[in-house]
Amino acid sequence: MDIPVYLVAGFLDSGKTNFINGILEDGFARQDRTLLICCEDGEEEYNPQALDHVTVVSIENEEDLTCSVLKEMEKQYYPAQVLIEYNGMWQLERLYREVLPANWVLYQIMTFVEASTFELYAKNMGQLMMEKVTNADLLVFNRCTPELRDSLRKRNLRMVNRRADIYLENEDGSSENYLTGDECPFDLSQKEIDIPDEDFGVWYVDVMDHPDRYAGKLVHMKLMMCHSKKYPGIHCPGRFAMVCCENDIQFLGLIAKGMNLKQYDNRDWVEVTARMAVENHDAYQGKGPVMHVLSIGPCEKPAQEVVNF
């Protein structure tokens, strides 16, 4: 039976234990038997009143955290789910590759950062810090001042991790989304913006929401050819995307102009370099992004044909 694992990562005093206390008090373990593996002792302690269905096991040394040890815990405690408060000085890669049993499925990585120490850790322990940022599904910067919020946003962490939900927790206890709506998920300073196969959905949403920011930019990507039935003579290569579930797969295409587009059939995979523009078109019911194709050629389809968001 698969056991979901929720990993809480971050350096000492980043707010990991407070977060765990909060979700336990909110009923995270109310229904399911939970194993809480603590790999770090900080000043905060777990609230004993929230541990009714929770077994807490401490691991002090990284070499003691092994696959065989976790399998023994599974036999002893029969957990329905596992919480791991991970030591900030331990590498995540070892956990993925060597430690987690095959049936322990990593559901979510939640990374917490003391905002005032982020620059220091990133400079002096870059690999340890950034692996926890880049792998996070949820990223929270605690104890933010207005100056720290501005500094963090200037770093554009969305470039480092495009899938995570990122929040800034302020000193007064309030919280705000890291994104303000103006951030760009791609580096627009490049001569040619390469859109990775797995990030087409991110780019499509951004170019549709902010077509002006890409006007005049060179882009390169793999696309599936499509010739519009509704607008004869119009080419609109793109990708199929699963927006919310398998029953909601949609084709996300953009208007394309240029030579040699006609020679490819519908569903042919092509590698395209194009210069972006913003133009009026009936398909957009106004202005929208248009790819002026500079080069096009056949290519292998991506490993994952359908885009996920």
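Since the model is a prediction, treat every value here as computed from it, not as a measurement.

Student: Help me understand the sheet that holds strand E4 (residues 81–85) in this model?
Tutor: Two modes of strand pairing occur in sheets, parallel and antiparallel, and in both the strands are linked by backbone hydrogen bonds. Pairing in this open sheet of eight strands is mixed, and the strands run E3-E2-E4-E1-E5-E6-E7-E8 from one edge to the other. Since the sheet does not close on itself, it has two edges, and those belong to strand E3 (54–58) and strand E8 (175–177), each with one partner. Neighbour-to-neighbour, the strand axes of this sheet turn through a mean angle of 20°, independent of strand direction. Packing against the sheet, helix H2 (residues 67–77) makes contact with strand E1 (3–9), strand E2 (34–38), E3 and strand E5 (104–114), and its axis sits at approximately 145° to E2.

Student: Just to check I follow, could you spell out the environment of Lys 154 for this structure?
Tutor: Here Lys 154 lies in helix H6 (residues 146–154). Sequence separation between Lys 154 and Val 133 is 21 residues; the distance between their C-alpha atoms is 16 Å.

Student: Just to check I follow, could you spell out the pattern of salt bridges for this structure?
Tutor: Taken as a whole and assessed by the stated rule, the structure comprises twelve salt bridges. Between Asp 206 and Arg 213 there is a salt bridge, with the nearest N and O atoms lying 2.7 Å from each other. For the pair shown, Asp 206 and Arg 213 are each scored as buried. Across the salt bridge formed by Glu 305 and Lys 301, the nearest N and O atoms sit 3.0 Å from each other. Beyond isolated ion pairs, a larger network of salt bridges with shared partners links Arg 149, Arg 153 and Glu 176.

Student: Just checking my understanding: could you explain the packing of aromatic side chains for this structure?
Tutor: What the rule picks out here adds up to ten aromatic pairs. Ring pairing ties together the aromatic residues Phe 200, Trp 203, Tyr 204 and Tyr 214, which thus form one cluster.

Student: Just checking my understanding: could you explain a negative patch on the surface for this structure?
Tutor: A cluster of acidic residues, Asp 13, Glu 43, Glu 44 and Glu 45, forms a negative patch at the surface. As for its position among the elements, Glu 43 is in the loop between E2 and E3. The exposure class assigned to Glu 43 is exposed, which follows from its relative accessible area of 70%.

Student: What should I look at first to understand the pairing of strand E15 (residues 286–298) in this one?
Tutor: The side chains of a regular strand alternate between the sheet's two faces. Where strand E13 (residues 255–257) and E15 come together, three bridges link them in parallel fashion. Bridge pairing in E15 links Ile 255 to Val 290. Sheet topology note: the strand E14 (residues 269–281)/E15 ladder contains twelve bridges and is antiparallel. The residue of E15 that forms the bridge with Ala 274 is Val 293. Linking E14 back to E15 in an antiparallel pair, the connection comprises four residues, with Gln 285 at a positive phi of about 55°.

Student: Sorry if this is basic, but what is going on with H2 here?
Tutor: For H2, the full list of buried residues reads Leu 70, Met 73 and Glu 74. Buried residues of H2, viewed axially, fall in a sector of 100°; they line one side. Of the exposed residues in H2, those oriented more than 90 degrees away from the buried face are Lys 75 and Gln 76. Along its buried surface, H2 packs onto E1, E2, E3, helix H3 (92–99) and E5. Tyr 78 lies just past H2 and shows a positive phi near 45°.

Student: Explanation requested: unusual backbone geometry in the structure shown.
Tutor: It is generally the case that most residues other than glycine have a negative phi and that most peptide bonds are trans. Phi is positive for Tyr 78, close to 45°, though the residue is something other than glycine. Following the sequence through the fold, Tyr 78 ends up in the loop between H2 and E4. The class of Tyr 78 is exposed, set by a relative accessible area of 57%. A positive phi is found at Gln 285, a non-glycine position, where the angle reads about 55°. The residue Gln 285 is located in the loop between E14 and E15 in this model. For Gln 285, a relative accessible area of 77% gives the class exposed.

Rules used throughout
Per chain, the residues get numbers from 1 upward, laid out in the order the sequence is written. Only residues with pLDDT of at least 70 get local features here, since the model is predicted, and only at 80 or more are side-chain atom pairs given and counted; chain-wide, interface and lining totals rely on the full set of residues. Values reported for side chains reflect all heavy atoms of the structure, with hydrogen atoms and water molecules removed beforehand. Two strands form a pair only when DSSP identifies at least two bridges running between them. Helix and strand assignments follow DSSP, with helices taken as H or I runs no shorter than four residues and strands as E runs no shorter than two, numbered in order from the N terminus. For helices, the fitted axis covers only the stretch in contact; all axes are lines through C-alpha atoms, and the angles between them, taken along N-to-C directions, range from 0 to 180 degrees. Any pair of residues with heavy atoms lying within 4.5 Å of one another is described as a contacting pair. Any Lys or Arg side-chain nitrogen found within 4 Å of a carboxyl oxygen on Asp or Glu counts as a salt bridge. Burial status follows relative accessibility: with a 1.4 Å probe on protein chains alone, a residue under 20% of its type maximum counts as buried, one over 50% as exposed, and anything between as partly exposed. Any Phe, Tyr or Trp ring, taking Trp's six-membered ring, that has another such ring centre within 6.5 Å forms a pair; planes under 30 degrees apart are called stacked, those over 60 apart edge-to-face, and the others tilted. Each patch is built from residues lacking any salt bridge and having more than 30% relative accessible area; the joining distance is 9 Å for like charges and 5 Å for nonpolar side chains (Val, Leu, Ile, Met, Phe, Trp, Tyr). Computed with the Shrake-Rupley method and a 1.4 Å probe, the accessible areas treat only the protein chains shown as cover for residues. Charged residues are defined here as Lys and Arg on the positive side and Asp and Glu on the negative side; His and the ends of the chain fall outside this count. The location of each charge is read from NZ of Lys, CZ of Arg, CG of Asp or CD of Glu. Along the arc lie the directions from the helix axis toward the C-beta atoms.

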